[in-house]
Amino acid sequence: MKFGKSVCIINVGGARYTFPQDVMKDFPLRRLSRLHSCASEREVLEVCDDYDRERNEFFFDRHAEAFGFLMLYAQHGTLRFAPHMCELSFYNEMLYWGLESSHLEFCCQRRLDERMSDTYTRFSEEDRCAEPELPRARRDSKWLERMRRTFEEPTSSVAAQILASVSVIFVIVSMVMLCASTLPDWKTAESNVVEEHRIIEAVCIGWFTAECIVRFIVSRDKCEFVRRPLNIIDLLAITPYYISVTMTVLTGENSQLQRAGVTLRVLRMMRIFWVIKLARHFLGLQTLGLTLRRCYREMVMLLVFICVAMAIFGALAQLLEHGLDLKSGNEEYASIPAACWWVIISMTTVGYGDMYPITVPGRVLGGLCVVSGIVLLALPITFIYHSFVQCYHELKFRSARCTRSLSAEFLN
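One numbering rule holds for all chains: residues counted from 1, following each sequence as written. Reporting of local features is limited, given that this is a predicted model, to residues whose pLDDT is at least 70; pairs of side-chain atoms are given and counted only at 80 or more, and all residues count toward the totals for whole chains, interfaces and linings. Each side-chain value is worked out from all heavy atoms of the structure, with water and hydrogens disregarded.

A. Structural context of the packing of aromatic side chains. Pairing of aromatic rings covers Phe, Tyr and the six-membered ring of Trp, with a centre-to-centre limit of 6.5 Å; geometry is then stacked below 30 degrees between planes, edge-to-face above 60, and tilted otherwise. Summed over the entire model, instances satisfying the criterion amount to eleven aromatic pairs. Geometrically, the ring pair formed by Phe67 and Trp97 is tilted, given 4.7 Å between the ring centres and 50 degrees between the ring planes. In this pair, Phe67 is assigned in helix α4 (residues 64-76) and Trp97 in helix α5 (residues 87-97), connecting sequence segments 30 residues apart. Each member of the pair Phe67 and Trp97 is classed as buried. An aromatic cluster is built from Tyr17, Phe60, Phe67, Tyr96 and Trp97, whose rings are joined through pairwise contacts. Two conditions define a charge sitting above a ring: the NZ of Lys or the CZ of Arg must be within 6 Å of the ring centre, and it must be within 35 degrees of the ring normal. Taking NZ or CZ as reference, Arg31 lies 3.8 Å from the ring centre of Tyr96, over its face. Its end group placed over the ring of Tyr96, Arg62 keeps NZ or CZ at 3.9 Å from the ring centre. Each helix corresponds to a stretch of at least 4 residues labelled H or I by DSSP, and each strand to a stretch of at least 2 residues labelled E; elements are numbered beginning at the N terminus. Here's how the labels work: a residue is buried when its accessible area is under 20% of the maximum for its type, exposed when over 50%, partly exposed in between, all with a 1.4 Å probe on protein chains only.

Below, the structure is given as structure tokens:
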């Protein structure tokens, strides 16, 4: 903020809060942090409802009690609904101040999702009306934002849906060609269809490359674009093709290195990452990715449980099956790492039958291992399941909101 005093006063519905300007710069509530970048009173009045220059006081005609709970979130990082207040009204206040449903605690997110599922209130329009008008320089670049939404949000418009459908078709064609190229009959007829195969493969790669380049150009933050997991997967799927083509040109098509090169075969199989590109267009894969990202602590807990159980049961199984009688013991349990393989397939109830205990103590231990596996795996999976349901309802609501907007756009 390039005017006023070093301390500013925020007045929300009669409740006054005092902040140093340095704190306002990185404040968790985006609407308040925008005040720090305002260079004139006109820009300030686009953010707040009124401004007193003498006292450097900013007035907001909003719900004072709801703002108090948002301030608790800014101080302690925990956000819950205000008691005796409608969930939808509180969520509307959150959107006004620049927060999303993901900032709520898990129990409150479920309450909000259930309420939103029963009603069809469109908060996106309210939030859009609450935002100030864009300057002319930013209005001139609206086509970039439309391009970004077209490539990033498949349900945002008719053009985005068409583009997503074409991309899915290319992914399916690429996967069919990759799978068919490993068939024995395909290898026999490779001399006749190799050119057609290369053309189709080149067209698919060209489409993926052009799509990735356009999305990079129209993205808001280039560094953030590179860090996103789906964009990293796109690069992992596209890059091996150009590396393999370069190696083919350098080594020759029929060279011994080309025929026996393990590197080229590995690079070719890396194109299976194209399947993950479908996550951009299918809600189920997006739900899976969002669940894994939010439940990484539970996933680590699950791995720790399995590793501890493997160490205990693996050592006991090696002792009971082989360690007590080195001459006539079960040779498949000759080492603890070998016994750990038996433990992991027993705990997950897979039971390949490739190795099994033959002594009575070993079988008793095997029964305990199976039962322990069921219990240990069930404990963290419960949390993962609830998070999956939460993520599914959240993404489903967002998708339905975009679909309703698309339907209105199509009818108009």
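B. Representation of the pattern of salt bridges in the model. Each salt bridge in this description consists of a side-chain nitrogen of Lys or Arg and a carboxyl oxygen of Asp or Glu lying within 4 Å of one another. A full pass over the atoms with the stated rule returns six salt bridges. One salt bridge in this structure joins Arg227 and Glu224, with 3.0 Å as the shortest N-O distance. Taken as a pair, Arg227 and Glu224 lie in helix α13 (residues 222-227) at a separation of three residues, close to a single helical turn. Note on Arg227: relative accessible area 53%, which makes it exposed. Among the charged side chains, a network of salt bridges with common partners joins Arg16, Asp52, Arg55 and Glu57.

C. Broad picture of unusual backbone geometry. You will see that Asn56, though not glycine, has its phi angle at about 55 degrees, which is positive. Taking relative accessible area as the criterion, Asn56 reaches 0% and is therefore assigned buried. Even without being a glycine, Thr349 presents a positive backbone phi close to 55 degrees. Within the element layout of this structure, Thr349 appears in the loop between α19 (336-347) and α20 (360-411).

D. Representation of the nonpolar core. Residues Ile10, Leu32, Leu35, Phe58, Phe60, Phe90 and Trp97 are the most contacted members of the largest nonpolar core, which totals 38 residues. At the level of elements, β1 (7-12), α2 (30-35), α3 (41-47), β4 (57-60), α4, α5 and α6 (106-118) are the ones that each hand at least two residues to this core. Counting residues per element, this core draws most heavily on α5, at seven residues. Apart from the residues within four sequence positions on either side, Phe90 is in contact with Ala66, Phe69, Leu70, Leu79, Arg80, Phe81, Ala82, Met85 and Leu104. Joining through side-chain atoms within 4.5 Å is the link that ties buried Ala, Val, Leu, Ile, Met, Phe, Trp, Tyr and Cys residues into a set, and such a set is a nonpolar core. Contacts were defined at the residue level, with two residues in contact if any of their heavy atoms lie within 4.5 Å.

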